[in-house]
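Fold and geometry: a report
Single-letter residue listing:
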Amino acid sequence: MTTGIPPSAPPKRSRARTLVPLGIAAWLLAEIWLLITVASAAGGLTVLALLVGGAVLGGYVIKRAGRRAFRNLTETLQQQQYGAAGPGAGPQSDSEGNTFTMLGGLLLMVPGLLSDVLGLLCLVPPVRKALGRYAERSLEKRMRAARPGTLGDAFQQARMHQPDGKVVQGEVIRDDRGPQQDERQPRPPLTH
């Protein structure tokens, strides 16, 4: 039995799905080659000391950046709760590069010399500011290119992909509250 709809071609594989695994494999090969080269020139204990030192430094950087982020969050919440005491009463502006500071710490913790160099670069303030500006510009560009609408519009339609490749569109509506349940009453515990 035919439906009159021509069979759809299988979806094309995106570039990212092809290039990301190749990039990771190339990165790993470069890390291994560099570790072997440095170990043959300086010795295995030196490479081990570099890797352990990078992991310890990365852990310290992440811990410090996490504390700073938590302190800034606490200050912001207190400021919102009690009101601002003045124009300069908000949290310090040192949280601007916190994301790249944590990324630098994470890269330092990853074993490898290339990742350590990139992690150290993320800790340098001018590099961190430049990366922050670049990320902000690219995010703004993507936001302008996005279709207008709310976040709720993005989840308005649910798509279910069937094994045969067909897409079933629909709208998911779920209301577990009965008409007699009060908003102030605690919800029943989840059983699954």
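Residues numbered from 1 in each chain as written. Predicted model: local features only at pLDDT ≥ 70, side-chain atom pairs only at ≥ 80, totals over all residues. Heavy atoms only, no water.

In the nomenclature of an unreviewed UniProt entry, the chain is known as FxsA family protein of Streptomyces melanogenes.

Time to look at the overall build of the chain. Within the chain one finds six helices and two strands. Overall, the chain shows an N-to-C arrangement of helices and strands of α-α-α-α-α-α-β-β. Counted over contacts in the chain with a minimum sequence separation of 6, partners at least 24 positions apart contribute 47%. When the accessible surface of the chain is summed, it comes to about 16300 Å², and 63% of that surface belongs to carbon and sulfur atoms. (Helix = DSSP H or I, 4+ residues; strand = E, 2+ residues; numbered from the N terminus. Contact = heavy atoms within 4.5 Å. Areas by Shrake-Rupley, 256 points an atom, 1.4 Å probe, with all protein chains shown as cover.)

Attention now moves to the UniProt feature "transmembrane region" (unreviewed entry) in the chain. This chain's UniProt record puts "transmembrane region" (unreviewed entry) on residues 18-36 and 42-62. A distance of 29 Å separates the end C-alpha atoms of residues 42-62, which is 95% helix and 0% strand. (UniProt positions renumbered as here; feature names shortened; annotations may be inferred.)

This part is about the confidence of the model for the chain. Predicted coordinates in areas of low pLDDT are best not read in detail. Taken as a whole, the chain shows an average pLDDT of 79; of its residues, 65% reach a score of 70 or greater. By mean pLDDT, strand 1 (residues 158-161) is the weakest element of the chain at 51, and helix 4 (residues 113-123) is the strongest at 94. Low pLDDT (under 50) marks residues 86-95, which in the prediction has 12 contacts with non-local residues, meaning those over four places away or in another chain. (pLDDT = per-residue confidence, 0-100.)

Moving on, we get to the packing of helix 3 (residues 98-109) against helix 4. Where helix 3 meets helix 4, the axes come as close as 7 Å, and the angle between the chain directions of the two elements is 160°. Taken together, helix 3 and helix 4 sit at an angle that is classed as roughly antiparallel. The handedness of the crossing between helix 3 and helix 4 is left-handed. Together, Phe100, Thr101, Leu103, Gly104, Leu107 and Leu108 of helix 3 and Ser115, Asp116, Leu118, Gly119, Leu120, Cys122 and Leu123 of helix 4 make up the contact between the two elements. Partitioned by chemical class, the residues of the contact of helix 3 with helix 4 number eight nonpolar, four polar and one charged. (Axes fitted to C-alpha atoms, helices over the stretch in contact; angles between N-to-C directions. Parallel < 35°, antiparallel > 145°, perpendicular 65-115°, else oblique. Left-handed = near helix turned anticlockwise from the far one by under 90°. Nonpolar A, V, L, I, M, F, W, Y, C, P; charged D, E, K, R; others polar.)

Right, let's talk about a nonpolar patch on the surface for a bit. Taken together, the side chains of Val20, Ile24, Trp27, Leu28, Val117, Leu118, Leu121 and Val124 define a hydrophobic patch exposed on the protein surface, amounting to about 670 Å² of accessible area. Of all the secondary-structure elements, those providing two or more residues to the nonpolar patch are helix 1 (15-42) and helix 4. Here the nonpolar patch takes four residues from helix 1, the largest share from any one element. Relative to the helices and strands, Ile24 is located in helix 1. Given a relative accessible area of 48%, Ile24 falls into the partly exposed group. (Patch = residues over 30% accessible without salt bridge, like charges linked within 9 Å, V, L, I, M, F, W, Y side chains within 5 Å. Salt bridge = Lys/Arg side-chain N within 4 Å of Asp/Glu carboxyl O. Buried < 20%, exposed > 50% of the residue type's maximum accessible area, 1.4 Å probe, protein only.)

Our next topic: the side chain of Glu31. Within the fold, Glu31 resides in helix 1. At 2.8 Å, the side chain of Glu31 forms a polar contact with the backbone nitrogen of Leu113. (Polar contact = N/O pair within 3.5 Å; in protein donor to acceptor, adjacent residues only side chain to side chain.)

For helix 3, built from 12 residues, the straight-helix expectation of 16 Å at 1.5 Å per residue is met to within 8% by its first-to-last C-alpha distance of 17 Å. Within helix 3, the full set of buried residues consists of Asn98, Phe100, Thr101, Gly104, Gly105 and Leu108. Looking straight down helix 3, one finds its buried side chains confined to an arc of 165°; they lie on one side. Looking at the packing, one finds that the buried side of helix 3 touches helix 2 (44-82), helix 4 and helix 5 (125-145). (Expected span 1.5 Å × (residues − 1). Arc of directions from axis to C-beta.)

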